[in-house]
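Residue-level listing of the chains:
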Amino acid sequence: MSDDTPTQKPALRYHEFPKPGKLEIRATKPMANGRDLALAYSPGVAEACMEIKANPSDASRYTARGNLVAVVTNGTAVLGLGNIGALASKPVMEGKAVLFKKFANIDCFDIELDEKDPEKLADIICAMEPSFGAINLEDIKAPDCFIVEQICRERMGIPVFHDDQHGTAIVVGAAATNALEVTGRSFADLKVVSTGGGAAGIACLNMLLKLGVKRENVWLCDIKGLVYEGREVEMTPQKAAYAQGSTAATLDEVIEGADLFLGLSGPGVLKPEMVAKMAPRPIVFALANPTPEIMPDEVRKVAPDAIIATGRSDFPNQVNNVLCFPFIFRGALDVGATEINDQMQLGCIEGIAALARATTSAEAAAAYKGEQLTFGADYLIPKPFDPRLMGVVASAVAKAAMESGVATRPLDDMEAYKEKLDGSVFKSALIMRPVFAAAAQAERRIVFAEGEDERVLRASNAMLEETTDKPILIGRPDVIEKRCERAGLSMRPGVDFDIVNPERDDRYRDYWQTYHKIMARRGITPNLAKAIMRTNTTAIGAIMVQRGDADSLICGTFGQYQWHLNYVNQVLGTPDLHPVGALSLMILEDGPLFIADTHVHPEPSPTQIAESICAAARHVRRFGVEPKVAVCSYSQFGNHACDSGMRARGAMELLDAAPRDFAYEGEMHVDAALDDAVRRHIFPEARFDGPANVLIFPNADAASAVRNILKAKGLGLEVGPILMGMGNRAHIVTPSITARGLLNMSAVAGTPVAHYG
C-alpha cells in the first residue's frame, strides 16, 4: 500500500511497536512457586470447578467471566471500510477491546469469525456463552446483523448488544434530548427526516420513537429515495416499518419543514438548499464517517443558528459510541444482567444527557484544552474522556436493570456502587473519603491565593457542589468572572464565593497595618507592607487567616515552595505552630504510600525528623490508614556511620524516649521498608510486619526524588503536599497540581484540627 495519507506511517508504527497489536494477557494471581501453581492449576483448580458445577452463578466469583466481554465480528461492515473480511477487521476489534479496558476496566477478547451466513454465525456465538459475561456484536452488515442479534438475544442468558445499532442510537438519543432542550422543542412535535436504512439508522429511528417521536412524523430515505408503502427495490423488513405514503419522493421533496435531519448514509447527501427548507433553527445530525452528509460550514451558510452534530472529532458534538458502550456493559455486568433492555438503554441516554448539562469536569477540560465545554448548541453531549461517565452512566444502567427485573445480582446500595465506580476512575476518591467525611462536619472558609487560575476556579466550583466549605478567591473580579464564564462554571462571585481584590479592597488598610505590625522589626517598612498587600497574594491570604477572615490558606499553584513557605511562616508561625514537614500521599496500584519530608527541611536534624514522623502518623490516620513508619537512610540498622544514618538514628532515639501509639522502625533502605521478607532477613526483630506505608527520609532530596519518580512514571497519583505543623492553617501545593488535586487539598484544609489531633 502506498504512503498516501499523513496518518499511515504513525498508525502502522503504533500497531507494530514495541510489540505487535494492542492487547496482551496478564495473570492476576501470583505464580511464583509450586504452591501457587498447585492452586492455579492441578489440583487446586478442581475446587473452583466443582463449586461452579454445583452453582453456575459462582463462575463470576471464581473466574474472570463476570468481567469478560467478547467483541465479535465477521468483518462484513467495518467502519468506513466495508466488507474487508474477518482477518482484516482484527485491528478494529482489538481497538474496541482496549476501549473497554481504558474507559470501564472491562476485560475483552476480540473474536473474528470467518462466517458469512447469519444463522451459522449466531450458532457459533451462542456456543461461546460459557466463556463470557456479555457479547458485543460489531461491524456485521445489515440486515444480517438484525438476524444475528435476534437469535443470540433469544437463546443466550447474557447481554447481547450490537453497538453499531444500539450504541449509536443511545448517543444520538442523548444528543437529540439536549438539542431539544436548547431549541425548546419536544419529541412529540418533531418532524424527522433520515437517510440511511442500515443497522445504525434503523436503530436510531427506533430509539427516537421510544423517546416520544411519532411514527407518522418520520420520513426515511435511502439511495433510492423515500421509503414508501409498496416499494420493492432495496427494501428490508426493517425499512418497511418506516414506509411513508404510497408514492416515490426525493430527499429534497420531504425535507421541507423538518426539525431534525438524521444522516447515517454517505458524503454530500444533504445539500445547503435542502437545509434552507428545514424548520427554523434546524437540528442537523450528519453522522457519516469520515465525510458527513453535509459539512458544518455549509449548514452555517444557510442556517447560522443550526444545531449540528457529526461523527468527527474535529467538530463540536461528536456522536461517539465510546460515550455509551463501555459504561452500559459495566453496569450490566455488575448486576449480572441477562440482557440489555430498553429501560437500560433509556437510562444510559438520561445519564449521558444529564452529564452534558452539568458543569464540565476539570479532567475533561484538561483533555480538551481550548474547547468550549459549556452546555449549549456546541456541547450537547459529554466528551469521551470525562471521567464522570463511568459513575453516572453505569449506575443508571445498573439501576434500570434492577428495576426492570433482569439483574441476577442486584445491588444493595446504589450510592456505594457509584462511589466505587468513581473511585476506579478518580484514584484519590476512595482514600479521600474519610477526609471528605470529616470536612463535611464543619463549614470552613478556604482562601485560595491564586484565585484567577482555572484549576482553582474548577476546584472551587467542585467544593460548592461536593463539600460544605466556602471558597474565597484572591484576584481581580473581572478576570475571575470572565474565566468562570469561559469555563462554563455555574458559580458566581458575591453569591457563591467571595473575592479579595488586591487592587481595591475595603480591608486593605487593616491588612497592611497587620502585616507591618508582624514584620516591623524584621525590616518591613510601612511602604513595603503596603506594596506586599497589593501584590503578594500568598501574604494576603496568610493575613486573612491570621485575622480570622479565613480558616485556611491554599497557595503554590505557581512559584517555588520555599518562597510561599517564607510568607506563611512569617505571618502564621508561632511558638506552638511551625512548619514541621511536607507530607505527600502517593496513591499506588497496591495502596497508599506517604512520603516526607519533601519540601520543608533540606537536611533535617534528628529532632526535626522525629517531629515529622509524629506529625505524619497523625495525618495518615486522617485517611483511615494505620501508620507503619519506616525511617529511611543510606545506613541500614547501624551498618554505616554516615550523616543520614546518624540523623535517622538520632530520631529513632528521640522516638524511643517516650511511648508512641504508632508503629515505626529504622534506619533502613527503601527496599527493606517495602518488602517484609527483605527486612526480616536483615533484621528479624523488626517492630512491624508487612510493608511500611510511611517513608520518612533524612533529607528532602531523597524524599522528593521518590515522590517525583512515582509521579513521572505514572506509578502514583499525589495528594498534597500537606504542610504539617501549622494547625491546618495553610497548605502549599506545587505547580503541577490538578483541579482534582486542589479539591482534595481543600478537603484536607476543610477538616478542623480537632478531627485529627
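Our subject is the structure listed above.
Rules of the game
- Residues numbered from 1 in each chain as written.
- Predicted model: local features only at pLDDT ≥ 70, side-chain atom pairs only at ≥ 80, totals over all residues.
- Heavy atoms only, no water.
- Helix = DSSP H or I, 4+ residues; strand = E, 2+ residues; numbered from the N terminus.
- Contact = heavy atoms within 4.5 Å.
- Areas by Shrake-Rupley, 256 points an atom, 1.4 Å probe, with all protein chains shown as cover.
- Pairing = 2+ DSSP bridges.
- Axes fitted to C-alpha atoms, helices over the stretch in contact; angles between N-to-C directions.
- 1 Å grid on protein atoms, 1.4 Å probe; cavity = no way out; pocket = protein on both sides within 12 Å on 5 of 7 lines; lining within 4 Å.
- Points joined across faces, edges and corners; volume = space filled by probe spheres on them.
- Nonpolar A, V, L, I, M, F, W, Y, C, P; charged D, E, K, R; others polar.
- Phe/Tyr/Trp six-rings, centres within 6.5 Å; stacked < 30°, edge-to-face > 60°.
- Buried < 20%, exposed > 50% of the residue type's maximum accessible area, 1.4 Å probe, protein only.
- Lys NZ or Arg CZ within 6 Å of the ring centre and 35° of its normal.
- Parallel < 35°, antiparallel > 145°, perpendicular 65-115°, else oblique.
- Salt bridge = Lys/Arg side-chain N within 4 Å of Asp/Glu carboxyl O.
- Core = buried A, V, L, I, M, F, W, Y, C linked by side-chain atoms within 4.5 Å.
- Right-handed = clockwise from strand over helix to strand, strands pointing away.
- Patch = residues over 30% accessible without salt bridge, like charges linked within 9 Å, V, L, I, M, F, W, Y side chains within 5 Å.
- Lys, Arg positive; Asp, Glu negative; His and termini not counted.
- Charge placed at Lys NZ, Arg CZ, Asp CG, Glu CD.
- Expected span 1.5 Å × (residues − 1).

Draft legend 1. Spatial organisation of the overall build of the protein. Along the backbone of the protein there are 31 helices and 21 strands. Taking the principal axes of its C-alpha atoms as reference, the protein extends roughly 95 × 75 × 55 Å. Here the contacts in the protein between residues at least 6 apart in sequence split such that 70% fall between residues at least 24 apart. Working note: accessible area of the protein is about 33300 Å², and carbon and sulfur atoms make up 54% of it.

Draft legend 2. A look at the sheet that holds strand β4 (residues 160-162). Within the open sheet, the 4 strands sit side by side as β2-β1-β3-β4. Their pairing is parallel. At either end of the open sheet lies a strand with only one pairing partner, and these are β2 (107-112) and β4. Pairwise comparison of adjacent strand axes, ignoring direction, gives a mean angle of 20° for this sheet. Judged from the 4 bridges that link them, strand β1 (residues 68-73) and strand β3 (residues 134-137) form a sheet pairing that is parallel. When the sheet's bridge partners are listed, valine 69 is paired in β3 with alanine 134. Each of β1, β2 and β3 is contacted by helix α5 (residues 90-104), which is oriented at about 165° to β2, the strand it contacts most. Relative to the sheet, helix α8 (residues 163-183) contacts β3 and β4, its axis offset from that of β4 by approximately 75°.

Draft legend 3. Geometry of the sheet that holds strand β9 (residues 283-286). The strand order across the open sheet formed by 6 strands is β7-β6-β5-β8-β9-β10, and the pairing between neighbours is mixed. Of all strands in the sheet, those bounded by a partner on one side alone are β7 (225-226) and β10 (307-310). Examined bridge by bridge, strand β8 (residues 260-263) and β9 share 4 bridges and lie parallel to one another. Residue pairing in the sheet places leucine 262 in a bridge with phenylalanine 285 of β9. Strands in contact with α8 are β8, β9 and β10; relative to β9, the strand with the most contacts, it is inclined by about 160°.

Draft legend 4. Highlighting empty space enclosed by the protein. Taken as a whole, this structure holds 2 cavities of 30 Å³ or more when the rule is applied. Looking at the largest cavity, its volume works out to about 60 Å³. Elements represented by at least two residues in the lining of the largest cavity include exactly α22 (508-519) and α23 (526-535). A class-by-class count of the residues in the lining of the largest cavity yields 6 nonpolar, 1 polar and 3 charged. Size it by volume and the second largest cavity reaches roughly 30 Å³. With 3 residues, the top contributor of residues to the lining of the second largest cavity is helix α26 (residues 606-622). Looking at side-chain class alone, the lining of the second largest cavity contains 5 nonpolar, 3 polar and 1 charged residues.

Draft legend 5. Representation of the packing of aromatic side chains in the model. Scanning the model with the defined rule gives 8 aromatic pairs in all. Judged by centre distance (4.8 Å) and plane angle (65°), the rings of phenylalanine 100 and phenylalanine 325 are edge-to-face. Residue phenylalanine 100 is located in helix α5, and its partner phenylalanine 325 is located in helix α14 (residues 325-334); the two are separated by 225 residues in the primary sequence. Each member of the pair, phenylalanine 100 as well as phenylalanine 325, is classed as buried. Here the aromatic residues Phe100, Phe161, Phe325 and Phe329 are joined through ring pairs into a cluster of three or more. Directly above the ring of phenylalanine 325 sits lysine 96, whose terminal nitrogen or CZ lies 4.2 Å from the centroid. Note that arginine 534 overlies the ring of tyrosine 508, its terminal NZ or CZ placed 3.6 Å from the centroid.

Draft legend 6. Region of the structure containing the packing of α23 against helix α24 (residues 537-547). Put simply, α23 and α24 touch, their axes get as near as 6 Å, and they point 95° apart. By the angle between their axes, α23 is roughly perpendicular relative to α24. In this structure, α23 contributes Ile532, Met533 and Thr535 to the contact, and α24 contributes Thr537, Ala539, Ile540 and Ile543. By residue class, the composition of the contact of α23 with α24 is 5 nonpolar, 2 polar and no charged.

Draft legend 7. Expanded view of the pattern of salt bridges. Applying the stated rule across the entire model yields 40 salt bridges. Residue glutamate 112 is joined to lysine 90 by a salt bridge in which the shortest nitrogen-to-oxygen separation is 3.3 Å. Taken together, the residues span a long stretch of sequence, with glutamate 112 in strand β2 and lysine 90 in helix α5 at a distance of 22 residues. Put simply, arginine 680 and aspartate 676 hold a salt bridge, and the shortest N to O gap is 3.8 Å. Remark: aspartate 676 and arginine 680 occur in helix α29 (residues 676-682); sequence separation between them is 4 residues, near one turn of the helix. A relative accessible area of 23% places aspartate 676 in the partly exposed class.

Draft legend 8. Broad picture of the nonpolar core. Core analysis: the largest hydrophobic core is formed by 100 residues, its most contacted members being Ile125, Ile135 and Phe285. The element that contributes the greatest number of residues to this core is α8, accounting for 9 residues. Not counting residues up to four positions away in its chain, the partners in contact with isoleucine 135 are Ala70, Val72, Ile125, Met156, Ile158, Pro159, Val160, Phe161 and Phe329. Counting 57 residues, the second largest nonpolar core, distinct from the first, contains Ile587, Ala617, Met724 and Ala747.

Draft legend 9. Structural view of the pairing of strand β12 (residues 470-474). Of all 5 residues in β12, 4 are buried, a share of seventy percent or more. Here strand β11 (residues 445-448) runs beside β12; their pairing, made up of 4 bridges, is parallel. Bridge assignment links arginine 445 to a residue of β12, and that residue is lysine 470. Crossover connection from β11 via helix α20 (residues 454-466) to parallel β12: handedness right-handed. Of the crossover connections in this fold, the one passing from β12 over helix α21 (residues 477-486) to the parallel strand β13 (residues 498-500) is right-handed.

Draft legend 10. Broad picture of the environment of leucine 264. Topologically, leucine 264 is positioned in the loop between β8 and α12 (272-277). Taking C-alpha positions, leucine 264 is 73 Å from arginine 522, a pair spaced 258 residues apart along the chain.

Draft legend 11. Inspection of a negative patch on the surface at higher detail. A contiguous patch of negative charge, built from Asp478, Glu481, Glu485 and Glu503, is present on the exposed surface. Structurally, the position occupied by glutamate 481 is in helix α21.

Draft legend 12. Quick look at the environment of proline 382. Mapped onto the elements of the fold, proline 382 is located in the loop between α16 (362-367) and α17 (388-403). Owing to a relative accessible area of 2%, proline 382 belongs among the buried residues under this scheme. Residues proline 382 and arginine 357, spaced 25 residues apart in sequence, show a C-alpha to C-alpha distance of 8.6 Å. The residues contacting proline 382, other than those within four sequence positions of it, are Leu323, Ile352, Leu355, Ala356 and Leu389.

Draft legend 13. Region of the structure containing the packing of α22 against helix α25 (residues 561-572). The geometry of α22 relative to α25 is characterised by a closest axis approach of 9 Å and an angle of 85° between their N-to-C directions. Looking at the two axes, α22 sits roughly perpendicular to α25. Contacts from Tyr515, Ile518 and Met519 in α22 reach Tyr567, Gln570 and Val571 in α25. Of the residues assigned to the contact of α22 with α25, the class counts are 5 nonpolar, 1 polar and no charged.

Draft legend 14. Highlighting helix α27 (residues 643-656). For α27, with 14 residues, the first-to-last C-alpha span of 20 Å sits near the 20 Å given by 1.5 Å per residue. For α27, every residue scored as buried is listed here: Ser644, Gly645, Arg647, Ala648, Gly650, Ala651, Met652 and Leu655.

Draft legend 15. A look at helix α9 (residues 199-210). The terminal C-alpha atoms of α9 lie 17 Å apart, and with 12 residues this matches the ideal 16 Å at 1.5 Å per residue to within 8%. Burial runs high along α9: 9 of the 12 residues are buried. Looking at α9, one finds that the buried residues are Ala199, Ala200, Gly201, Ile202, Ala203, Cys204, Leu205, Met207 and Leu208.

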